[in-house]
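# Observations on the three-dimensional arrangement
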Amino acid sequence: MSKSARFDVVGHLPALHRYALALTRHRADADDLVHDVLVLAYERRASFRPESNLRLWLFAILHNRFIDDARAHSVRAAHATREAQTREDVVEPVQEQGVWLGQVRRAVEDLPEDQRAALHLVAVEGMSYTQAAEVLGVPAGTLMSRLARARMALRIMGEAGESAGAETGRAQRRLKLVRGADDI
């Protein structure tokens with residue numbers, strides 16, 4: 001197989017875009033991030049080792065670019081403003097299943113960035129723990145800890161949605177503890 005055939009990124013574009021959308025939560029920002037990643041990958045194609053996994057290499061570039069952009073441009077503040085404006089314009093579906101899916105989407109969006117990224121790579125992209133840990137640049141144990149906290153937070157959010165009164169308060173306190181836990 002030739003080196004140019006080995007560096008075919010077109011097949012990876014849908015997965016890259018899904019991951020970028022999971023990180024940025026905005027289609028235009030995700031498009032920009034994928035574009036930046038493709039430019040970086042092209043510029044750094046000489047550093048790609050043919051024996052390595054192109055998909056993981058591209059995902060690592062995407063993840064690192066997102067982190068760099070977040071630090072440089074205070075993305076969190078901008079997202080909070082845009083999200084508040086968007087939620088006012090959204091009309092919730094009347095079907096029970098549509099409402100439930102909307103609640104799950106919001107619950108995933110409310111996860112801390114590190115937990116959301118870990119959950120997306122493993123649950124949506126189907127990466128192994130080792131592959132996802134490599135993309136995120138963390139040990140596998142840290143990735144598993146983030147996944148466990150994300151799953152627990154989603155369970156607690158579900159309990160809080162189903163409960164009322166004192167149960168809701170207890171579930172919210174548990175959620176606060178899970179969100180505040182430090183990485184291994």
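In this text, all values refer to a predicted model and were calculated from it rather than measured experimentally.

## Re the overall build of the protein
Per the secondary structure count, the protein includes 10 helices and 0 strands. Listed N to C, the secondary structure of the protein is α-α-α-α-α-α-α-α-α-α in terms of helices and strands. Across the 184 residues of the protein, 38% fall into the buried class. Here the analysis covers contacts within the protein between residues at least 6 apart in sequence; of these, 65% occur between residues at least 24 apart. Accessible area of the protein: about 11,100 Å², with a carbon and sulfur share of 55%.

## Let's talk about the packing of aromatic side chains
Within the structure shown, the criterion is met by 2 aromatic pairs. Between Tyr19 and Phe59, the aromatic rings sit 5.4 Å apart at their centres with planes inclined by 35 degrees, giving tilted as the arrangement. Within this pair, whereas Tyr19 is found in helix H2 (residues 13-24), its partner Phe59 is found in helix H4 (residues 54-73), the two being separated by 40 residues in sequence. Across this residue pair, the class does not change: Tyr19 and Phe59 are buried. Aromatic side chains Phe48 and Trp57 sit 5.1 Å apart centroid to centroid with 50 degrees between the ring planes, which places their arrangement in the tilted category. Both residues of the pair, Phe48 and Trp57, belong to the buried class. Residue placement shows Arg45 over the ring face of Tyr42; its charged tip is 3.9 Å from the ring centre.

## Focus: the pattern of salt bridges
Here the structure, examined in full by the defined rule, presents 7 salt bridges. A salt bridge links Arg55 to Glu125, with the shortest nitrogen-to-oxygen separation between them at 3.4 Å. Taken as a pair, Arg55 in helix H4 and Glu125 in the loop between helix H7 (113-124) and helix H8 (129-136) lie far apart in primary sequence, 70 residues in all. Note on Arg55: relative accessible area 22%, which makes it partly exposed. The class for Glu125 is buried, based on a relative accessible area of 7%. Two residues, Arg105 and Glu109, come together in a salt bridge whose shortest N-O distance is 3.3 Å. With Arg105 and Glu109 both in helix H6 (residues 96-110), this residue pair falls 4 residues apart, about one helical turn. Taken together, the shared-partner salt bridges connect Arg18, Arg55 and Glu125 into one network.

## With respect to unusual backbone geometry
The residue Arg25 is not glycine, and still its phi comes out positive at about 65 degrees. Along the chain, Arg25 turns up in the loop between H2 and helix H3 (27-43).

## Re the side chain of Arg149
Its place among the elements puts Arg149 in helix H9 (residues 140-162). Within the structure, Arg149 has its side chain in polar contact with the side chain of Ser145 (distance 2.6 Å).

## Topic: the confidence of the model for the protein
With 77% of its residues at a pLDDT of at least 70, the protein reaches an overall mean of 80. The model gives residues 164-168 a pLDDT under 50, and that stretch makes 2 contacts with residues more than four places away or in other chains.

## Section: the environment of Gly141
Tracing the sequence through the fold places Gly141 in helix H9. With a relative accessible area of 31%, Gly141 lands in the partly exposed category. For the pair formed by Gly141 and Tyr129, sequence separation is 12 residues and the distance between their alpha carbons is 8.9 Å.

Definitions and cut-offs
- Residues numbered from 1 in each chain as written.
- Predicted model: local features only at pLDDT ≥ 70, side-chain atom pairs only at ≥ 80, totals over all residues.
- Heavy atoms only, no water.
- Helix = DSSP H or I, 4+ residues; strand = E, 2+ residues; numbered from the N terminus.
- Buried < 20%, exposed > 50% of the residue type's maximum accessible area, 1.4 Å probe, protein only.
- Contact = heavy atoms within 4.5 Å.
- Areas by Shrake-Rupley, 256 points an atom, 1.4 Å probe, with all protein chains shown as cover.
- Phe/Tyr/Trp six-rings, centres within 6.5 Å; stacked < 30°, edge-to-face > 60°.
- Lys NZ or Arg CZ within 6 Å of the ring centre and 35° of its normal.
- Salt bridge = Lys/Arg side-chain N within 4 Å of Asp/Glu carboxyl O.
- Polar contact = N/O pair within 3.5 Å; in protein donor to acceptor, adjacent residues only side chain to side chain.
- pLDDT = per-residue confidence, 0-100.

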